[in-house]
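# Fold and contact review
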Amino acid sequence: MKAKVILLLHLFGLDVLLLGLIEKLLLGLSKRVAALKDVATASLDRCKNRNG
């Protein structure tokens, strides 16, 4: 069943579009994770400066 779905996607050219969409979503997710890491690092630095 899975192979048939993949074959149909490939026939209509949707596999490339789907991969492009997944790539964009993952790129956006990685940017958000990097931003969260920066916020967490800044917060820890503020705590260290205040406590020590």
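Residues numbered from 1 in each chain as written. Predicted model: local features only at pLDDT ≥ 70, side-chain atom pairs only at ≥ 80, totals over all residues. Heavy atoms only, no water.

## Description of the overall build of the chain
Quick note on the threshold: Working definition: helices are DSSP H or I runs of at least four residues, strands are E runs of at least two. Numbering for both runs from the N terminus. Only C-alpha atoms enter the radius of gyration; for comparison, a globular chain is expected to reach 2.2 Å times N to the power 0.38, where N is the number of residues. Accessibility here uses a 1.4 Å probe with only protein chains present; expressed as a share of the type maximum, an area under 20% marks a residue as buried, one over 50% as exposed, and anything in between as partly exposed. Surface accessibility in these figures is a Shrake-Rupley result with a 1.4 Å probe; residues are shielded only by whichever protein chains are displayed.
Tallying secondary structure elements over the chain gives two helices and zero strands in all. Rg of the C-alpha trace for the chain: 21 Å, well past the compact-globule value of 10 Å for 52 residues, more than 25% over. Seen through its C-alpha atoms, the chain measures out along the principal axes to roughly 65 × 20 × 5 Å. Looking at the chain residue by residue over its 52 residues, the buried ones come to 0%. For the chain, the exposed surface amounts to about 5100 Å²; the carbon and sulfur share of it is 71%.

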